[in-house]
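Chains, contacts and geometry: an overview
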Amino acid sequence: VGALVWYPTPPVWLQGTVCEVTGDGECIVAPSLGGSPVICKEEELFLANATDAPPPADACALVHMNEPSLLHSTLERAANGDMYTWIGASQLLSVNPCEELPGMYGDAAMGRFCGHAKEAGDMEPHTYAVAEAACMRLYRQRCVSVLVGGESGSGKTEAMRHVLQYLVWRASPAEAKTAVHAEA
């Protein structure tokens, strides 16, 4: 009783507070957005993270890692203009904004990542961070793979284009970086 939880209201999850646990495996939940209490089965509820802290750059830092918490955290980050979230040290979750975001890409953005870390999770979440980590690993191990996956229309081609743009930029001589990026 008193726990902040996610409860299902297909196709979405809503947040609420458990008011009462009945003896038959059900809970009465007061919706955070107001309205009448909802009766849910205990096994349908997921613990929610505190709402007073901003969503973390690495989803593994969520206290309660579950489907609705990950979805909510990703949505909150995207609403703040943070299209990328780490899932551990080397997996990047991206939200396709379906529009160009000023300052997100280009030479200045690439310069923020160049030579700054050995592993992707050491930097802010971004496709350039993945590309920089691949570049650093390539120098150490001579063999690297970058896997981009997702549903149709999720931005896989765009993400891979940014990774390849960065790798070409990174491999170019300093005086040619701007010209190579402009052609890519």
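Note that the structure is predicted; figures quoted are calculated from it, not measured.

1. Focus: the overall build of the chain
- Along the chain, the regular secondary structure elements total five helices and seven strands.
- For the chain, the succession of helices and strands along the chain, N to C, is β-β-β-β-β-α-β-β-α-α-α-α.
- Computed over C-alpha atoms, the radius of gyration of the chain comes to 21 Å, more than 25% over the 16 Å expected from 2.2 N^0.38 for 184 residues, which places it beyond the range of a compact globule.
- Here the C-alpha coordinates of the chain stretch approximately 70 × 35 × 30 Å along the principal axes.
- By the burial criterion, 33% of the 184 residues in the chain qualify as buried.
- Long-range pairs, those at least 24 residues apart, make up 38% of the contacts in the chain with a sequence separation of at least 6.
- With the model as given, the accessible surface of the chain reaches about 10800 Å², and the carbon-plus-sulfur share is 57%.
- Computed over 11 positive and 22 negative side-chain charges, the separation of the two mean positions in the chain equals 15 Å.

2. Observations concerning the pairing of strand 7 (residues 91–94)
- Strand direction decides the pairing type here: strand 6 (residues 84–87) and strand 7, joined by four bridges, are antiparallel. By the bridge assignment, Trp86 is partnered in strand 7 with Leu92.
- Between the antiparallel neighbours strand 6 and strand 7 lie three residues, among them Gly88 with a positive phi of about 85°.

3. Structural notes on the nonpolar core
- Counting 15 residues, the largest nonpolar core has Trp86, Met110, Phe113, Met123, Tyr128, Ala129 and Tyr166 as the members making the most contacts within it.
- Looking at this core, the elements that each hand over two or more residues are helix 2 (107–113), helix 3 (127–141) and helix 4 (156–171).
- Looking at this core element by element, the count peaks at five residues for helix 3.
- Not counting the four nearest positions on each side in its chain, Tyr128 is found in contact with Met104, Tyr105, Gly106, Ala109, Met110, Phe113, His162, Gln165 and Tyr166.
- Core analysis: the next-biggest nonpolar cluster, separate from the first, contains seven residues, Tyr7, Val18, Val29 and Leu45 among them.

4. As for the packing of aromatic side chains
- Within this structure, the stated rule accounts for five aromatic pairs.
- A ring pair is formed by Tyr166 and Trp169, whose centres lie 5.5 Å apart and whose planes are at 40°; its orientation type is tilted. A residue pair is termed a helical-turn pair when its members lie 3 or 4 positions apart in one helix, as Tyr166 and Trp169 do in helix 4 at three residues.
- The buried category is assigned to Tyr166, whose relative accessible area is 0%.
- Chaining the aromatic ring pairs together yields one cluster made of Tyr105, Phe113, Tyr128, Tyr166 and Trp169.

5. Brief notes about the packing of helix 3 against helix 4
- One can describe the packing of helix 3 onto helix 4 by two numbers: an axis separation of 9 Å at closest approach and a directional angle of 50°. Between helix 3 and helix 4, the angle is such that the two are oblique. As helix 3 runs across helix 4, the sense of the crossing is right-handed. Between helix 3 and helix 4, the residues in contact are Thr127, Tyr128, Ala131, Glu132, Cys135, Met136 and Tyr139 and Ala159, His162, Val163, Gln165, Tyr166, Leu167 and Arg170, respectively.
- Split into classes, the residues belonging to the contact of helix 3 with helix 4 amount to nine nonpolar, three polar and two charged.

6. Topic: the pattern of salt bridges
- Summed over all chains, the structure comprises four salt bridges.
- Among the ionic pairs, Arg77 bridges to Asp82, the shortest N-O distance being 3.9 Å.
- The class for Arg77 is buried, based on a relative accessible area of 7%.
- Accessibility expressed as a relative area gives 34% for Asp82, which makes it partly exposed.
- The salt bridge involving Glu132 is made with Arg170; its shortest N-O contact spans 2.7 Å. Of this pair, Glu132 sits in helix 3 while Arg170 sits in helix 4, and the two are 38 residues apart along the sequence. Across this residue pair, the class does not change: Glu132 and Arg170 are buried.

Calculation criteria
Residues numbered from 1 in each chain as written. Predicted model: local features only at pLDDT ≥ 70, side-chain atom pairs only at ≥ 80, totals over all residues. Heavy atoms only, no water. Helix = DSSP H or I, 4+ residues; strand = E, 2+ residues; numbered from the N terminus. Rg over C-alpha atoms; globule rule 2.2 N^0.38 Å. Buried < 20%, exposed > 50% of the residue type's maximum accessible area, 1.4 Å probe, protein only. Contact = heavy atoms within 4.5 Å. Areas by Shrake-Rupley, 256 points an atom, 1.4 Å probe, with all protein chains shown as cover. Lys, Arg positive; Asp, Glu negative; His and termini not counted. Charge placed at Lys NZ, Arg CZ, Asp CG, Glu CD. Pairing = 2+ DSSP bridges. Core = buried A, V, L, I, M, F, W, Y, C linked by side-chain atoms within 4.5 Å. Phe/Tyr/Trp six-rings, centres within 6.5 Å; stacked < 30°, edge-to-face > 60°. Axes fitted to C-alpha atoms, helices over the stretch in contact; angles between N-to-C directions. Parallel < 35°, antiparallel > 145°, perpendicular 65-115°, else oblique. Left-handed = near helix turned anticlockwise from the far one by under 90°. Nonpolar A, V, L, I, M, F, W, Y, C, P; charged D, E, K, R; others polar. Salt bridge = Lys/Arg side-chain N within 4 Å of Asp/Glu carboxyl O.

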